[in-house]
Structures are given as C-alpha cells and as structure tokens.
Amino acid sequence: MTDVVVTGLGATTPLGGDVASTWSSALAGVSGAHTLDNDWADTYEIPVRFAARLAVPAEDVLPRPETKRMDPSAQYAIIATREAWTHAGAPEVEPERLGVVVSSGIGGIWTTLDAWDTLQAKGARRVLPMTVPMLMPNSPAAYVELEVGARAGAHALVSACASGAEAIGYGVEMIRSGRADVVVAGGTEAAIHPMPIAAFAASRTLSTRNDDPEGASRPYDTGRDGFVLGEGSGIVVLESAEHAAARGATVHARIAGVGLSADGYHMTSPEPSGRGQIAAMRMALRDADVAAVDVHHVNAHATSTVVGDLIEARSVREVLGSDADHVALSATKSMTGHLLGGAGALETIFTILALRERQAPPTINVTDPDPELVLDLVRGQSRALPGGPLAAINNSFGFGGHNVALVVTTA
Amino acid sequence: MAYSEQEILAGLAEIVSEETGLPTDSVSPEKSFTDDLDIDSLSMMTIVTLAEEKFSVRIPDDEVKNLATVGDAVSFINGAQS
C-alpha cells in the first residue's frame, strides 16, 4: 500500500499565527482563552464571556479584498494553506494529481448571519452577491482549491468536531487509491459569534468559568465544566512517499492509519461504553499495522466535558491494554480551546510535531486530576518522548457520534 | 443631498478599491470595468449593490450592462439622484 507522508504544516490558532509560534506556546503551556472584549454577554444575556480567538487576526495577514470575499472560516484556511504549501517547498505536481480536502464543522456562520441581518434591516437589494459562495460549507475547500490550482478533486467532509481529522483521513485515502500524489488537507472554524456561543451555552456544553478564562479548559480535572470555544485552522500537505522522495522533500511524519466509526447511539452524547471510539482506534492501528506496544503518545479529543473525557480515556485503555502505561496523554484543548472543525487538523499537527520533536505537549489547568482517569496525563509541563520509531494516536469525535482516529508514525 | 460627480467618482473608487485591491487613483473615468480593472460579473454586482447603498440610488439590472466604464457609472449615478 502507498505510504502517505506529511511534507508541509500550516496553522493559525489561538496560540499563534503560524505553526512555530503555536507549537512553542503549546510547549510552554500557554492558554489562548481570554475574556471577550465586546458586549455580547450583556447585550444578549449569554452566560459565557470568553473564548479562544486567533492570536493574530486574519485582517492583519490578508489583504482587504480577500477578507471581503471570504468568510472568516475560509480566511483562516487560506492563511494556514499558504504556510503549509510554502513549508512543503511548493511541490511541483500535475494539477490533475493535486487534491484538496478542507472541512469546517459549522460553515460560513458569520456570512450567513450578517446577510440575514442585512436582509432584515435593508431588504433583499442590499444582500451581497458573494453571500452564497462565502457561506457554503465547501467554501474553504474551494478557496484552497483555487489557491493551489488543484484539479484531482476538492472535498469538504463534515462531521462536526471530527471534521478536520476526517479530512486528513480522506486525503490519505485519495493518495492510497491513486487519485492524487499530493493533497492539501485539514480543517478550519470561525464560529466565535454570539449566536453559536448562545447555542452551545444552551446545550450546556460550554464552560462558564467567566472569572478565569485561562483556567476554564481543564480536561481530566475534577473541576472541568465544559469546553472553551476556539477558532482557527490547521492544514497539512500530504504526499505519497514516492512523490516526496522523488523531489527530495523533508518528511515530518507519516499518517500511517485511518480509523472511522459511528456510535449509532445519540446525537450529542458519546456512547458510554466507548465502543465506537474503540472501533475507530483499533481500525486505525490495524490499518497502520502498528501494535499497541509501539504507541507512546495520544493526543486526546478531551474537550473538558464531564462525561466525554473519561469515556475516551477508558477507550484508550481498552484498546492499548497494559501498553497504555507507557503512553503520554496530551489534551491540548486545555490551551487552544476547541476549534470544532479545525480541532482534528490542529491536533494532528501537534501529534506530528510531538513525534518529530519527541516532546509531548502539556495539559494545563489540571490541579486535581479526576481519580477515574486511567491514563498517564502529561500535566503542567511537556514531556520528552523516547528515541527510535514511535507511533501516536490522534482522536477526534463529533456531535452525531462521528469517531475518527489517526495513527501517526515517525518519519 | 445630491453628490457631485467628483464625489461620486471618489466614492466609487473606494468601493472598487475595496473589492479589487487596486489603488483608488487607478479607478479613473476612462477605465473599463472588465478590460482594465479585471472585474467579473459577480464583483460588478457587488459594486452595484454597494454603490446603490452609498449614493441612495437604484441601478436596475438592465442598466448594468451599459456601464462599461467608470465614467459611465458616475454619469448614471449622477443622473439617477433624485
């Protein structure tokens, strides 16, 4: 089977405007969550006053015509794509052999709601002609397709908070099935708008720790009370090992296994026994031909919700058995907040960097670990990973019962 | 309040500049929207929508195809002011 390697990384996140600054902030245990400097909470009586916004606003990076033509979700994807493409050395590839898979969990929500406001206030004649191409959920994928000139296909898989990881998984399949040699893949989200915040708050899934935003995302801590909404994008350049070798590209890691499943259980609650998560991880390990003993790091989905965090930890324990004892578990949403459709992609980048740099990033804010946690959590400070060939798992789960596990191995 | 032709040109240049990234001083009356400023039909409709709001005028869809140059648009908007 065709080996799929990663030759480029790009990101814009609450921790930094690129991969290097995001990674150094993550290793340093910095929180990207802050009190929102607007009056949304007061105006609309929203019980949540904070979020993890981009560290570097998109309008500081992109020229004005681009910010006007793209929903913020596409803007973030384009920023991350330009970094990833440059990082990969702008691969020379036939356009017919170049694919794109870029997902968003929510879509162009700012554009949708702005247009609705305009319609209500000023009527149909003031609704801008670019509204539909900006709000459609495939808009980020389409802009990335235009950016790199891809012709092998441009896709936007949607599976809520698993979207970014599923996009990378589909990108791997595009290369394995022979449809493409190079695929630009990842996820993006820009949903820090009062309506989604109000809606997530209504479902009681957001933390309301308003007096301590930096300490609000605390996966596996007994004081966890929900996730922190984040935004941003992570994009990787995937390439067949053969194509990468032929052009002498630097390989950062391999995406060795893809595992997918659905809970078939509930719209928003993870299935309590973890059967779907377990199935996804087992499928990814089989696909990668990686044994439990080789797994040394897991980047958990762990959003800081009371129920979800523990189901995942038990599932990891079930899959890896006693080999889970030597797994360094990192819950990076403690720092980035939850990027929804961007999360799985950003966390794949963290997993790749953890293996390449042999450093598992920390989980911050865990002052009182949940006694039911059955894994070795990297708390407070980053931890060195051993030398030699290593494998890691990145988990991503989404509303709807979507489960995605990716197995990453060292280059 | 009616806008002068100079004010309409300046306002239109701002809209076109925001849409295309071209400097405002390149948006002069003799410039063709399609040939010189590389504006596609969707961008043209965006410019029309924004110009209608800015100058409080109505630019009917049938009229847009007659607006070949920036000067055409300035003249039409000037004449359409009540």
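In this report, we go over the structure that sits alongside the text. (Residues numbered from 1 in each chain as written. Chains lettered and ligands numbered in written order. Predicted model: local features only at pLDDT ≥ 70, side-chain atom pairs only at ≥ 80, totals over all residues. Heavy atoms only, no water.)

**Some points on the overall build of chain A**
Next up, step 1: Within chain A, the regular secondary structure consists of 14 helices and 15 strands.
Next up, step 2: Its C-alpha radius of gyration of 20 Å places chain A within 12% of the 22 Å reference for a compact globule of 411 residues.
Next up, step 3: Referenced to the eigenvectors of the C-alpha coordinate spread, the extents of chain A come out at roughly 60 × 50 × 40 Å.
Next up, step 4: For chain A, the residues scored as buried account for 60% of the 411 residues in total.
Next up, step 5: Taking as baseline every contact in chain A between residues at least 6 positions apart, the subset at least 24 positions apart corresponds to 79%.
Next up, step 6: Surface summary for chain A: the accessible area is close to 14,700 Å², and the carbon and sulfur share equals 52%. (Helix = DSSP H or I, 4+ residues; strand = E, 2+ residues; numbered from the N terminus. Rg over C-alpha atoms; globule rule 2.2 N^0.38 Å. Buried < 20%, exposed > 50% of the residue type's maximum accessible area, 1.4 Å probe, protein only. Contact = heavy atoms within 4.5 Å. Areas by Shrake-Rupley, 256 points an atom, 1.4 Å probe, with all protein chains shown as cover.)

**Comments concerning the interface of chain A and chain B**
Next up, step 1: Each side of the interface is counted separately: chain A has twelve residues, and chain B has 18 residues.
Next up, step 2: A combined buried area of about 1,300 Å² lies between chain A and chain B, and 48% of that area is made up of carbon and sulfur atoms.
Next up, step 3: A per-residue breakdown of the area chain A buries against chain B is headed by R125(A), R126(A) and P129(A), which together make up 46% of the total.
Next up, step 4: Across the pair R125(A) and E52(B) runs a salt bridge whose closest N-O atoms are separated by 2.8 Å.
Next up, step 5: Across the contact surface, chain A and chain B share seven residue pairs in polar contact (both at pLDDT 80 or more). (Buried area = accessible area lost by both parts, 1.4 Å probe. Salt bridge = Lys/Arg side-chain N within 4 Å of Asp/Glu carboxyl O. Polar contact = N/O pair within 3.5 Å; in protein donor to acceptor, adjacent residues only side chain to side chain.)

**Concerning the packing of aromatic side chains**
All names here are of chain B.
Next up, step 1: The tally for this structure, following the rule as stated, stands at four aromatic pairs over all chains.
Next up, step 2: For the pair Y3 and F55, a centre-to-centre distance of 5.2 Å together with 85° between the ring planes defines the contact as edge-to-face. Of this pair, Y3 sits in the segment before α1 (5–20) while F55 is found in helix α2 (residues 41–55), placing the two residues 52 residues apart along the sequence.
Next up, step 3: Residue class for Y3 comes out partly exposed when judged on its relative accessible area of 26%.
Next up, step 4: The class for F55 is buried, based on a relative accessible area of 3%. (Phe/Tyr/Trp six-rings, centres within 6.5 Å; stacked < 30°, edge-to-face > 60°.)

**With respect to the layout of surface pockets**
Next up, step 1: The calculated volume of the largest pocket comes to roughly 920 Å³.
Next up, step 2: Broken down by secondary-structure element, the contributors of at least two residues to the lining of the largest pocket are α3 (64–69), α4 (72–87), α5 (109–122) and α6 (131–135) of chain A together with α2 of chain B.
Next up, step 3: Broken down by element, the lining of the largest pocket gets its largest block of residues, six residues, from α5(A).
Next up, step 4: The residue makeup of the lining of the largest pocket, split by class, is 15 nonpolar, seven polar and twelve charged. (1 Å grid on protein atoms, 1.4 Å probe; cavity = no way out; pocket = protein on both sides within 12 Å on 5 of 7 lines; lining within 4 Å. Points joined across faces, edges and corners; volume = space filled by probe spheres on them. Nonpolar A, V, L, I, M, F, W, Y, C, P; charged D, E, K, R; others polar.)

**A short note on the side chain of D309(A)**
Next up, step 1: By secondary structure assignment, the location of D309(A) is in helix α12 (residues 306–320).
Next up, step 2: Within the structure, D309(A) has its side chain in polar contact with the backbone nitrogen of Y220(A) (distance 3.2 Å).

**Overview of the pattern of salt bridges**
Residue and element names in this part refer to chain A.
Next up, step 1: Applying the stated criterion across every chain, the model contains 28 salt bridges over all chains.
Next up, step 2: When the shortest N-O distance is used, the salt bridge between E66 and R82 registers 2.8 Å. One end of the pair, E66, is in helix α3; the other, R82, is in helix α4, and 16 residues separate them in sequence.
Next up, step 3: R97 is the salt-bridge partner of D181, the closest N and O atoms lying 2.9 Å from each other. Separated by 84 residues along the polypeptide, D181 in the loop between α8 (163–176) and β6 (182–189) and R97 in the loop between α4 and β4 (98–104) bring together distant segments of the chain.
Next up, step 4: Overall, the relative accessible area of 26% leaves R97 in the partly exposed class.

Structural measurements only, silent on function.
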